Amino acid sequence: MEKLRDSFFKAYFEMPVPRIVVRSDSSDYEVLAVNPAFKLINNLPSDEPAHQALFALIRNGNAKNKAILRNALEESRSTGKAVEIAELDMSSQELQTDSVLWWQIEILPVANEQEHTEYLILSVRDITAAVQAEKEMEEARYRVQCLHEELAATNEELLASNEELNTTVDELNAARLRLEEFNAELENRVLQRTNELQEAQSVLSQQHHLLAAVIDEVPAGIVIFKGAEMSIDRINTKMLEMWKRGTEILKKPLIEVMPELKEQEFPAILQEVYTTGIPYMVWGSAAELVIEGVRKTVYRDFSYTPLKDEHGQTHSIVALSVDVTERTLSRQREQQLLEEYTAINEELTAANEELAATNEELYESQESHSLMNQNLVESESRFRNLVMEAPVAICILKGEQLQLEMINSEGLSIFGKDRGIIGRSLKEALPEPGARPLLLMLKEVYRSAQPFSGNEVAAAFDHGGNVKSGYYSFICKPIIAKDGSVNALMVVATDVTERKKDEQRKNDFIGMVSHELKTPLTSLKGYAQILYARAQKAEDQFSLHSLGKVNDQVKKMTELINGFLNISRLESGKIQLNKQEFYFDDLVNENIEEAEIVMATHRIIFQPCERLRVYADREKVSSVVANLISNAIKYSPGKAQIEVSCQVIDEKIRFSVKDWGLGVRKEDQAKLFDRFYRVESRETQLISGFGIGLYLSAEIIERHGGRIWVESEGSAGSTFFFQLPGLSSTLADG
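So, a few notes on the structure that sits alongside this text. Computed from a prediction, not measured in an experiment: that's the story for all the values here. (Residues numbered from 1 in each chain as written. Predicted model: local features only at pLDDT ≥ 70, side-chain atom pairs only at ≥ 80, totals over all residues. Heavy atoms only, no water.)

**Notes on the overall build of the chain**
So, point 1. Counting its secondary structure elements, the chain contains 22 helices and 22 strands.
So, point 2. Out of the 734 residues belonging to the chain, those deemed buried represent 41%.
So, point 3. For the chain, the share of sequence-separated contacts (at least 6 apart) that also reach a separation of at least 24 residues comes to 56%.
So, point 4. For the chain, the exposed surface amounts to about 41,700 Å²; the carbon and sulfur share of it is 51%. (Helix = DSSP H or I, 4+ residues; strand = E, 2+ residues; numbered from the N terminus. Buried < 20%, exposed > 50% of the residue type's maximum accessible area, 1.4 Å probe, protein only. Contact = heavy atoms within 4.5 Å. Areas by Shrake-Rupley, 256 points an atom, 1.4 Å probe, with all protein chains shown as cover.)

**A look at the sheet that holds strand β9 (residues 294-308)**
So, point 1. Spatial strand order, β7-β6-β10-β9-β8: five strands in an open sheet with antiparallel pairing. Looking at which strands have only one partner, the edges of the open sheet turn out to be β7 (231-235) and β8 (280-291). Across the sheet, the axes of successive neighbouring strands diverge by a mean angle of 35°, strand direction being ignored.
So, point 2. Here six bridges tie strand β6 (residues 221-226) to strand β10 (residues 314-323), and the two strands are oriented antiparallel to one another. What sits directly across from Ile224, in β10, is Val318.
So, point 3. On top of the sheet, helix α10 (residues 266-276) reaches β6, β8, β9 and β10; it is set at about 135° to β10, its chief contact. (Pairing = 2+ DSSP bridges. Axes fitted to C-alpha atoms, helices over the stretch in contact; angles between N-to-C directions.)

**Re the state of the cysteines**
Disulfide: a covalent bond formed between the sulfur atoms of two cysteine residues.
So, point 1. Scanning the model with the defined rule gives zero disulfides in all.
So, point 2. For the unlinked cysteine Cys395, the closest cysteine sulfur is that of Cys476, found at 8.1 Å.
So, point 3. By relative accessible area, Cys395 is classed as buried at 7%.
So, point 4. Cys476 gets classed as buried once you look at its relative accessible area, which sits at 0%. (Disulfide = S-S within 2.5 Å.)

**Thoughts on the nonpolar core**
So, point 1. Within the largest apolar cluster, 37 residues are counted, with the highest numbers of intra-cluster contacts made by Phe584, Ile629, Val644, Phe655 and Phe722.
So, point 2. For this core, the element with the most residues is helix α19 (residues 618-634), which contributes seven residues.
So, point 3. In this view, Val644 contacts Val588, Ile592, Ile604, Ile605, Phe606, Gln607, Ile629, Phe655, Ser656 and Val657; residues no more than four positions away in its chain are not counted.
So, point 4. If you look at the next biggest cluster of nonpolar residues, it comprises 28 residues, including Ile407, Leu442, Val445 and Ala493. (Core = buried A, V, L, I, M, F, W, Y, C linked by side-chain atoms within 4.5 Å.)

**Looking at the side chain of Ser321**
So, point 1. Counting through the fold element by element, Ser321 comes out in strand β10.
So, point 2. In contact with Ser321, not counting residues within four places along its chain, are Ala220, Gly221, Met239, Met242, Arg300, Asp301 and Phe302.

**A few points about the pattern of salt bridges**
Any two side chains of opposite charge can pair, so long as their charged atoms come close to each other.
So, point 1. The tally for this structure, following the rule as stated, stands at 19 salt bridges.
So, point 2. For Lys417, the salt bridge is made with Glu432, and the minimal N-O distance between the two is 3.1 Å. Here Lys417 is found in the loop between α13 (409-415) and α14 (426-429), whereas its partner Glu432 is found in the loop between α14 and α15 (436-448), with 15 residues between them in sequence.
So, point 3. Overall, the relative accessible area of 9% leaves Glu432 in the buried class.
So, point 4. Taking the shortest distance from any N to any O, the salt bridge between Arg703 and Glu699 comes out at 3.8 Å. With Arg703 and Glu699 both in helix α21 (residues 693-703), this residue pair falls four residues apart, about one helical turn.
So, point 5. Salt bridges here are not isolated pairs; linked through shared partners, they connect Glu136, Glu185 and Arg189. (Salt bridge = Lys/Arg side-chain N within 4 Å of Asp/Glu carboxyl O.)

**Notes on empty space enclosed by the protein**
So, point 1. Summed over the entire model, instances satisfying the criterion amount to five cavities of 30 Å³ or more.
So, point 2. The volume enclosed by the largest cavity comes to roughly 260 Å³.
So, point 3. In terms of lining residues, the largest cavity is bounded by 19 residues, among which Trp243, Phe266, Arg300, Tyr304 and Ser321 are the most central.
So, point 4. Put simply, the parts of the chain that give the lining of the largest cavity at least two residues each are β6, α8 (237-243), α10, β8, β9 and β10.
So, point 5. When residues in the lining of the largest cavity are grouped by element, the largest group, four residues, is from β9.
So, point 6. Split into classes, the residues belonging to the lining of the largest cavity amount to 16 nonpolar, two polar and one charged. (1 Å grid on protein atoms, 1.4 Å probe; cavity = no way out; pocket = protein on both sides within 12 Å on 5 of 7 lines; lining within 4 Å. Points joined across faces, edges and corners; volume = space filled by probe spheres on them. Nonpolar A, V, L, I, M, F, W, Y, C, P; charged D, E, K, R; others polar.)

**Digging into helix α5 (residues 63-79)**
So, point 1. The end-to-end C-alpha distance of α5, which contains 17 residues, comes to 24 Å, matching closely the 24 Å that a straight helix rising 1.5 Å per residue would cover.
So, point 2. Along α5, the residues classified as buried are Asn65, Lys66, Leu69, Ala72, Leu73 and Ser76. When α5 is viewed along its axis, its buried side chains cluster within an angular range of 115° and face the same direction. Turned more than 90 degrees from where α5 packs its buried face, Ala63, Lys64, Asn71 and Ser78 sit exposed.
So, point 3. Of the surrounding elements, those touching the buried residues of α5 are α4 (54-57), β3 (83-89), β4 (102-111) and β5 (117-126).
So, point 4. One or two positions beyond α5, positive phi appears at Gly80, with a value near 75°. (Expected span 1.5 Å × (residues − 1). Arc of directions from axis to C-beta.)

**So, the packing of aromatic side chains**
When we look at a pair of aromatic rings, we describe it by the centre distance and by the angle of the planes.
So, point 1. Per the stated rule, a full pass over the model turns up twelve aromatic pairs.
So, point 2. Both rings, one in Phe266 and one in Phe302, keep their centres 5.7 Å apart while their planes meet at 70°; by these two values the pair is edge-to-face. Here Phe266 is found in helix α10, whereas its partner Phe302 is found in strand β9, with 36 residues between them in sequence. Of the two residues, Phe266 and Phe302, neither departs from the other in class, the shared state being buried.
So, point 3. Judged by centre distance (6.0 Å) and plane angle (75°), the rings of Phe584 and Phe655 are edge-to-face. Remark: Phe655 occurs in strand β20 (residues 652-659) and Phe584 occurs in helix α18 (residues 584-598); sequence separation between them is 71 residues. Each member of the pair, Phe584 as well as Phe655, is classed as buried.
So, point 4. By the ring-pair criterion, three or more aromatic residues cluster together here, those being Phe266, Tyr280, Phe302 and Tyr304.
So, point 5. The side chain of Arg618 reaches across the aromatic face of Phe582, ending 5.5 Å from its centre.
So, point 6. Looking at Arg707, its charged tip hangs above the ring of Trp709, at a distance of 3.8 Å from the centre. (Phe/Tyr/Trp six-rings, centres within 6.5 Å; stacked < 30°, edge-to-face > 60°. Lys NZ or Arg CZ within 6 Å of the ring centre and 35° of its normal.)

**Examining the sheet that holds β5**
So, point 1. Pairing in this open sheet of five strands is antiparallel, and the strands run β2-β1-β5-β4-β3 from one edge to the other. Each edge of the open sheet carries a strand with a single partner, namely β2 (31-34) and β3. When strand polarity is set aside, the average angle formed by the axes of neighbouring strands in this sheet is 20°.
So, point 2. Sheet analysis places strand β1 (residues 19-23) next to β5, joined by five bridges and oriented antiparallel.

**Some points on a negative patch on the surface**
So, point 1. A surface patch of like charges, here negative, comprises Glu156, Glu157, Asp170 and Glu171.
So, point 2. Where the negative patch is concerned, the elements lending two or more residues are α6 (128-160) and α7 (165-217).
So, point 3. Within the element layout of this structure, Glu157 appears in helix α6. (Patch = residues over 30% accessible without salt bridge, like charges linked within 9 Å, V, L, I, M, F, W, Y side chains within 5 Å. Lys, Arg positive; Asp, Glu negative; His and termini not counted. Charge placed at Lys NZ, Arg CZ, Asp CG, Glu CD.)

**Some details on unusual backbone geometry**
Backbone geometry follows two general trends: most residues other than glycine have a negative phi, and most peptide bonds adopt the trans configuration.
So, point 1. Unusually for a residue other than glycine, Met230 sits at a positive phi of about 60°.
So, point 2. Relative to the helices and strands, Met230 resides in the loop between β6 and β7.
So, point 3. Classification of Met230 as buried rests on a relative accessible area of 5%.
So, point 4. If you check the backbone angles, Glu292 has positive phi at about 55° while not being a glycine.
So, point 5. Among the secondary structure elements, Glu292 is positioned in the loop between β8 and β9.
So, point 6. You can call Glu292 exposed: its relative accessible area is 63%.

And the structure:
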């Protein structure tokens, strides 16, 4: 009886649907509970006692139909499955009345803790009107057929005799009157059917709200285009965020909302899907969109799926879109990196060919260089195989036992289970130890009624005897009932295992390639220095010029390799800070002197600060200072002055480099310190770089407990800052 006292069962039992609960282990099916709707449909008094035999309580129906009901009860009890009786004649013959009564009965078994059927719930629907309407419709069709036969006979009689014309006209008038009466009768039945359809529409509306909640939580953009004009009929929150639009775009055509798409392929694809009814999908497609007033290139994985009516005609299109801009740009930057590698290699090859005519001692270096080119080609092939996909899984868990009410194919794939787990509790569906943290988290969300999300969380699931571990990003949201209680949980999860593995493989590859390149470069640098010394003695100007170009390229390559090695070490946690005490202004002066020797195009003005010691990695902080000064010179062509300053604020060193060059747009400033990020503009196309200097600088400063930032007024130039703790504050911290 515990289940019968459950709040969910009480709400279900007290719904305005006639229901009765009987014991399944008694031969006469003892009645345990009768709801008011059942008493009303059977004309039972409100105080009708329970605990009597079922067929003593149900007084309608003949022995044959009661036997049908008894057999259905026995079937549900023995199989443990729901049984439905579509039509059952419950007309009262024993009471000698002419009343007609038809029922539709659904029998739902309720199992105890040993999974044996203990109770049966009978839900009754009075379908008398529907059955009578069907029978009356058949009678009406028969009457119409008879009328047609009468009309045919009348026509034959008209041909035979004009005298019978008046009689036939009278019969036709009588038939017309009968048809009018029949038409009025049909109108009444149509009105009744309309009311039933309205009730069904109410149920469909509730299901629509649940589906809308699921769609709104999916981590992908979804929009429904209606009609050939592609008006926006429905759109979820994710798509509005991707387009940076509000709900005012609803009911408007796509081209009116985004006129920039007129010259692009997407309207034509939508029209083709609408016309042919064939779905369309593509990955990594580029689009030019105006977002917040700025025209941007974005990349999307998207699909167009037609929605059809019962005649097979397309009336709407569902568009699903996933923003893969960051992933695509990262892949393009990696491709650019490989192209830069190839260009540098080609330059080194040309330099080696020039040196081969001067001295045969470079032969061995050329062999090493060829091997390095071969390694880079093989590495490029491996890079192209790193593709990330993030499938989305959705499931709905019902009740405190977290019963799996719905789960899609991606969810089953992640769990490693088949559809047999649907309807079971999550604890039964996932008995493996690796799923216990997930169960505890979901129970806490159900208890607290608070949403919970996780990013790249490790989990392990049993896939047919093999435990499969992975990483998953997910959001779990409670579904609240009208009374404020938690009705169910909705979980949306994405498998990011491959992305995690791809990140690790990419970092390992960069570290491996960088280490492999350093060995031939060291040999090449040594041979070039030997040849340079010999050329100086021989006063061979051609060789000196060629070797100078080789040294410049080797230095450039070495700096690039060191940068990628530092990135690899940072992301794998292997980089170490070798801290020591030193005066910060001395370090700045050293970098300024070195910059003035290498780059004589600019004048550097230094506004020194008071002498303050810092406790930091001198070499790495020096590389940050050198990078900021070098960038200021590189991105201010045609300007003659760079301003370097240093201040002590609250025992902290604040260092800045100001230029009057190209400047940085507001939208680029937040991403400027990201790995491989470069500002794309006409002015920066001819400036070399890979977007790693500022990323490394930011990592170094942040690992020292400092911060780095930029201030810029567009074309008026930029000022880059970083701040480090002074020695006194550093020591005080520990």
